[in-house]
Amino acid sequence: MASGGVAVASLWTEVNRCGQNGDYTRALKALSKILHETRDDVTALQCKIVCLVQNGSFKEALNVMNTHSKVLGSEVVFEKAYCEYRLNRVESALKTIESAPDQTDKLKELYGQVLYRLERYDECRTVYTDLIRNSQDEYEEERKTNLAAVVAAMSQWEKAPMEDLGLPESTYELCYNTACALIGQGQLTEAFNKLRQAEELCRVSLAEDSDVTEEDIESELAVIHSQMAYIMQLEGRSDEALQLYNQVIKLKPSDVGLLAVTANNIITINKDQNVFDSKKKVKLTNAEGVEHKLAKKQLQAIEFNKALLAMYTNQADQCRKLASSLQSQNPGHPRPVLIQAAQLCREKQHSKAVELLQQFSEQNPESASGIKLTMAQLYLVQGHVTKACDVLRSIEEFKYKAGMVSALVTMYSHEEDIDSAIDVFKQAIEYYQAEQPGSAAHLALVREAANFKLKHGRKKEAISDLEQLWKKNTNDVHTLAQLISAYSLVDTDKAKSLSKHLPSADTMSFNLDVDELENSHGATYVRKKAGKVVGENLPKEPGQGEVKKKKKKKKGKLPKNYDPKATPDPERWLPMKERSYYRGKKKGKKKEQIGKGTQGATTGASAELDASKTASSPPMSPRPGSVTSSSTAPSGGSVIPPRQQKPSSSGATRKKAPQKKKKGSKGGW
């Protein structure tokens, strides 16, 4: 026993020395020997658990704690919760922490991390605020960084307003988290400036360490650059954003969450273009451990984009499979159903798409607004305008919006359903009369309703609207004139009484100088001529037209053989061929004209076949519908049909283009 006790003591000395040196592997060997001697030694078990945690063997450490739970009791609650947290068993870690008899500071720190992973941001903020208030140690800066991360997450994912918690911006992590919170509030310019500040602080802090290389600095800056690119993308600077995203991808950072988000954002820029690049990038979103690095909304967006990419690449089955999976995971979310409807539309199945959307809108009335807008669009694509109007009028959320009223009136007008269009105006005006009487939106609707009724000849119906407008503004002469015009068809006495309110002609005159107006710089078609002053060359006033001298008409030249005594030919204005006495060209004996006919024709053969050369042949007049042309007909007067080429081996007839006549050659064209 004495020798055994000496051996155990030496083993503890070895454990102590290895712990100080950080050699946890050798320490584990010594502890295994100690536990072989004393199996239930609590101190040895605790040391073994710590060594396993330091080596990253969380599962083995958890097995040791579960095996010796009776012996260890609540001594290793923190270690157990930490192992469960590192093994992504977040719910189990939460239960372990909540079951602890004493909530120590280190347990509270871990509790805050667990709540953040579970996206319970309100409780997490309370935990970190309490820790910062009640503790003073070297970890204060880390706690403030974590609190800033919680505020940023609340701003981005819950759209909560930013709170000024008085956190400093002394480190690049704090600046980065502040920028993320500003992005959630839509303050993109301020967020971009904060990211610039974070980049500078990061470079300065890392440059002080001589062991850090430029590659290490760029790798650390990758998350900042990716967030900068996201802001550029939101601002519509897609080309700059894409360039910066690709730089981050080339660095191959070790953070799989950063890679997944960057790749996803590149896919959103590509849309339905450059799908080959998108298919490569989507592989980065499937890396192991991504689901533990990103928020639920980020993972959801990535899955939606996978389904859309499958649709764009014509993978219909894959698209339907992904969309159905998304719908089962998010039963009330409209986007999976919209993706399925879009896929059906690509397959020209618009009716099925409408049925699918109709079913979803009935089951989920809280998400029906966007779905019904899509249904209306599909009805319009099919040409069912009235059905589209019925769907739009069923959306209570947008029913009385100015844009919705305008769209409905336009569509009803297209269908020539003026009564329904007027009914839309009536309902909207009644709504604003009850909710916002006399507001700008109310009066604008009344004005548009009156103009619409007047445009379509419904003057009687426009009277009430015009009266309402005129009572609001009795100085509106235009409305008064419209009202008088409308009353002239219904009640002439009322029209006459209202006409008394019209301003007199004197009050409506603008005291304009007509001459000055005509001579102004913008006057056109000025007819006034400047007076001529003898002996003076006055400068021309702007706008005055110059007096053009009339040109003397020259007498027309008479032909050389003109005889004033002879009666002029009454048909002299007609072309020679159309005159009654025209008998065609005389066919005298001429030299044979070589090369004047169709290519390949001979003059001799043409002369023998020419019937006009015989004495007994009467002159022929052109038949109705025939075409005569002296430039293309052969020199004998006959019309030879063009020769057809033999069909080629492919079966198609090819035409031979006419060749240009060479200078000095005979024959041909």
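Residues numbered from 1 in each chain as written. Predicted model: local features only at pLDDT ≥ 70, side-chain atom pairs only at ≥ 80, totals over all residues. Heavy atoms only, no water.

Undergrad: I'd like to hear about the overall build of the chain, residue by residue, with values.
TA: When helices and strands are tallied, the chain shows 31 helices and 0 strands. Within the chain, the fraction of its 669 residues that count as buried is 33%. Sequence-distant contacts, at least 24 apart, represent 46% of the contacts inside the chain between residues at least 6 apart. Approximately 45000 Å² of the chain is accessible, and the part contributed by carbon and sulfur atoms is 51%. (Helix = DSSP H or I, 4+ residues; strand = E, 2+ residues; numbered from the N terminus. Buried < 20%, exposed > 50% of the residue type's maximum accessible area, 1.4 Å probe, protein only. Contact = heavy atoms within 4.5 Å. Areas by Shrake-Rupley, 256 points an atom, 1.4 Å probe, with all protein chains shown as cover.)

Undergrad: Mind laying out the pattern of salt bridges, listing which residues take part and the relevant values?
TA: On inspection of all chains with the given rule, the structure shows 23 salt bridges. For Glu240, the salt bridge is made with Arg237, and the minimal N-O distance between the two is 3.1 Å. The exposure class of Glu240 is partly exposed, given its relative accessible area of 41%. Here Lys281 ties to Asp277 by a salt bridge, and the two come within 2.7 Å at their closest N and O atoms. Of this pair, Lys281 and Asp277 both sit in helix H16 (residues 275-281), 4 residues apart, which is roughly one turn of that helix. You can call Lys281 buried: its relative accessible area is 10%. (Salt bridge = Lys/Arg side-chain N within 4 Å of Asp/Glu carboxyl O.)

Undergrad: Could you give an account of the UniProt feature "repeat: TPR" (unreviewed entry) in the chain, with specific residues and numbers?
TA: Summarizing the sequence annotation, UniProt attributes the feature "repeat: TPR" (unreviewed entry) to residues 222-255 in the numbering used throughout. Across residues 222-255 one finds 79% helix and 0% strand; the C-alpha atoms that close the span lie 10 Å apart. (UniProt positions renumbered as here; feature names shortened; annotations may be inferred.)

Undergrad: If you had to explain helix H17 (residues 296-312) to someone new, which residues and values would you point to?
TA: Over its 17 residues, H17 runs 25 Å from end to end, which matches the ideal 24 Å to within 8%, given 1.5 Å per residue. Contact partners of the buried residues in H17: helix H15 (256-270), H16, helix H18 (316-329) and helix H19 (334-346). In the stretch just after H17, Asn314 is the one whose phi turns positive, near 60°. (Expected span 1.5 Å × (residues − 1).)

Undergrad: Describe the packing of aromatic side chains, naming the residues involved and giving the relevant values.
TA: Within this structure, the stated rule accounts for 6 aromatic pairs. Ring geometry for Phe78 against Tyr82: centres 6.2 Å apart, planes inclined by 20°, an arrangement best described as stacked. With a gap of 4 residues between them, Phe78 and Tyr82 both fall in helix H6 (residues 77-86), about one helical turn apart. Relative to Phe452, the ring of Phe425 lies with its centre 5.7 Å away and its plane at 50°, an arrangement referred to as tilted. Separated by 27 residues along the polypeptide, Phe425 in helix H24 (residues 418-435) and Phe452 in helix H25 (residues 440-455) bring together distant segments of the chain. We note that Phe425, like Phe452, is buried. Within the aromatic cluster, the residues linked to one another by ring pairs are Phe58, Phe78 and Tyr82. (Phe/Tyr/Trp six-rings, centres within 6.5 Å; stacked < 30°, edge-to-face > 60°.)

Undergrad: Pulling in residues and values, what's your account of the packing of H15 against H17?
TA: Two elements in contact, H15 and H17, have axes separated by 10 Å at closest approach and are oriented at 40°. One way to sum up the angle between H15 and H17 is to call them oblique. Crossing of H15 over H17 shows left-handed handedness. Each of Ala260, Val261, Asn264 and Thr268 in H15 lies in contact with H17, whose residues at this interface are Gln298, Ala301, Ile302 and Asn305. Residues of the contact of H15 with H17, tallied by class, amount to 4 nonpolar, 4 polar and no charged. (Axes fitted to C-alpha atoms, helices over the stretch in contact; angles between N-to-C directions. Parallel < 35°, antiparallel > 145°, perpendicular 65-115°, else oblique. Left-handed = near helix turned anticlockwise from the far one by under 90°. Nonpolar A, V, L, I, M, F, W, Y, C, P; charged D, E, K, R; others polar.)

Undergrad: If you had to explain the environment of Leu356 to someone new, which residues and values would you point to?
TA: Its place among the elements puts Leu356 in helix H20 (residues 350-363). Through-space distance from the C-alpha of Leu356 to that of Met375 is 9.6 Å; in sequence the pair is 19 residues apart. Among all residues touching Leu356, those that are not within four sequence positions of it are Val337, Gln340, Ala341 and Leu344.

Undergrad: Which residues make up a negative patch on the surface, and what values do they have?
TA: On the surface, Glu138, Glu141, Glu142, Glu173, Glu215, Asp216 and Glu220 cluster together into a negatively charged patch. Of all elements in the fold, only helix H10 (140-157) and helix H13 (214-234) reach the threshold of two or more residues within the negative patch. Of the residues forming the negative patch, the biggest block, 3 residues, is contributed by H13. Relative to the elements of secondary structure, Asp216 occurs in helix H13. (Patch = residues over 30% accessible without salt bridge, like charges linked within 9 Å, V, L, I, M, F, W, Y side chains within 5 Å. Lys, Arg positive; Asp, Glu negative; His and termini not counted. Charge placed at Lys NZ, Arg CZ, Asp CG, Glu CD.)

Undergrad: Any details on the side chain of Ser155? Residues and values, ideally.
TA: Mapped onto the secondary structure, Ser155 falls in helix H10. In this structure, Ser155 is in contact with Ala160, Met162, Ala181, Gly184 and Gln185, ignoring residues within four places of it in sequence.

Undergrad: With reference to specific residues and values, describe unusual backbone geometry.
TA: Leave glycine aside and you will find that most residues have negative phi; peptide bonds, for their part, are mostly trans. With phi around 60°, Asn314 is a residue other than glycine that occupies positive phi space. Classification of Asn314 as exposed rests on a relative accessible area of 61%. A positive phi angle, close to 60°, is found at Glu416, a residue other than glycine. Assignment of secondary structure puts Glu416 in the loop between helix H23 (402-414) and H24. Residue Glu416 is classed as exposed on the basis of its relative accessible area, which comes to 69%.

Undergrad: Break down the side chain of Asn364 for me, with residues and values.
TA: Tracing the backbone through its elements, the reader meets Asn364 in the loop between H20 and helix H21 (368-381). The class of Asn364 is buried, set by a relative accessible area of 11%. Apart from the residues lying within four places of it in its own chain, the contact partners of Asn364 are Pro331 and Gly332.

Undergrad: Now, about H18: what can you tell me, with residues and values included?
TA: One full turn of an α-helix is made of 3.6 residues, so residues set three or four places apart face in the same direction. Taking 1.5 Å as the rise per residue, H18 with 14 residues should run 20 Å; its terminal C-alpha atoms sit 20 Å apart, in good agreement. Considered for burial, the residues of H18 that qualify are Ala316, Cys319, Leu322, Ala323 and Leu326. Each buried residue of H18 lies within a common arc of 135° when the element is viewed along its axis, so the set occupies one face. The exposed set on the far side of H18, more than 90 degrees from its buried face, consists of Asp317, Lys321, Ser328 and Gln329. (Arc of directions from axis to C-beta.)

Undergrad: Kindly report on the packing of H6 against helix H7 (residues 90-98), identifying the contributing residues and their values.
TA: The N-to-C vectors of H6 and H7 enclose an angle of 165°; their axes lie 7 Å apart at closest approach. As summarised for this structure, H6 and H7 are arranged roughly antiparallel, according to the angle between their axes. The two elements H6 and H7 cross, and the hand of that crossing is left-handed. Counting all contacts with H6, which are made through Val77, Lys80, Ala81, Glu84 and Tyr85, the residues of H7 involved are Val90, Ser92, Ala93, Thr96 and Ile97. Its residues assigned to classes, the contact of H6 with H7 comprises 6 nonpolar, 2 polar and 2 charged.

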